[in-house]
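# Observations on the model geometry
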Amino acid sequence: MDKYETIKLDNQLCFSLYAASREVIKLYKPVLDKYNLTYTQYVTMLVLWEEEKITVKEIGKRLHLDSGTLTSVLKKLEGMELIIRYRDPTDDRVVVIELDEKGRLLKDEILEVPELIACKVGITIEEFMVLKKSLDELLKKFS
C-alpha cells in the first residue's frame, strides 16, 4: 500500500461529507426560490415552526451555527416579516425569536419541500433512513 494512501482526496471522509452536503443543498435552491428563502433561512424556519418561540442561542445550538451567521439570517427573515425579534424582558442579554403571522402561514405552503427534495435525491426511503441515522450518530460524537 502506498504510504500516501491516507492523504488522497478520495479517501477523506470530510471531503465526501462536504461534497455530498453541497450537492444536496444545491437541490434545495430551485425549490426554495419559490418561497424566496435560502437554505439557511429554510432550516432556521424549520426550527421556528417546531418551537414557535425560541432564543437565538437555542437556534444556534440546534443548527450548529455561530451567532454572526445566525444574526444576519434572522435580520433577513425579520425584514421578510416572517419572524419577530425582541429582547427577553427579564434578561436583556437574551434575544427571543417568534414566528410572525406571515411565518406561520408559510408553514402550510412549504409542506411540499421535503417530498420534492427526496424525489430529486433519488434514494429510497430505506436508504434515506439509514443514511440519516448514520449522520445523526456521527454528529452526536461532536456534542
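First things first, this report covers the structure right here in the doc. (Residues numbered from 1 in each chain as written. Predicted model: local features only at pLDDT ≥ 70, side-chain atom pairs only at ≥ 80, totals over all residues. Heavy atoms only, no water.)

### Observations concerning helix H1 (residues 13-33)
Look at H1: 31 Å from first C-alpha to last across 21 residues, which is about the 30 Å you get at 1.5 Å a residue. Of the positions making up H1, those classed as buried are Tyr28, Val31 and Leu32. Down the axis of H1, the smallest arc covering the buried residues is 85°, so these residues share one side. Exposed side of H1, more than 90 degrees from the buried face: Lys26 and Lys29 are the residues found there. The secondary structure elements touched by the buried residues of H1 are helix H2 (39-51) and helix H6 (113-121). (Helix = DSSP H or I, 4+ residues; strand = E, 2+ residues; numbered from the N terminus. Expected span 1.5 Å × (residues − 1). Buried < 20%, exposed > 50% of the residue type's maximum accessible area, 1.4 Å probe, protein only. Arc of directions from axis to C-beta. Contact = heavy atoms within 4.5 Å.)

### Regarding the layout of surface pockets
Volume-wise, the largest pocket comes out at about 1,900 Å³. Taken together, the elements giving at least two residues each to the lining of the largest pocket come down to H1, H2, helix H3 (56-63), H6 and helix H7 (125-140). For the lining of the largest pocket, the leading source of residues is H1, giving 9 residues. Tallied by class, residues from the lining of the largest pocket come to 29 nonpolar, 4 polar and 7 charged. (1 Å grid on protein atoms, 1.4 Å probe; cavity = no way out; pocket = protein on both sides within 12 Å on 5 of 7 lines; lining within 4 Å. Points joined across faces, edges and corners; volume = space filled by probe spheres on them. Nonpolar A, V, L, I, M, F, W, Y, C, P; charged D, E, K, R; others polar.)

### Some thoughts on the side chain of glutamine 41
Tracing the backbone through its elements, the reader meets glutamine 41 in helix H2. With relative accessibility at 6%, the residue glutamine 41 sits in the buried group. Side-chain polar atoms of glutamine 41 contact the backbone nitrogen of threonine 38, separated by 2.8 Å. Excluding anything up to four places from it in sequence, glutamine 41 contacts Asn36, Val73, Lys76, Leu77 and Met80. (Polar contact = N/O pair within 3.5 Å; in protein donor to acceptor, adjacent residues only side chain to side chain.)

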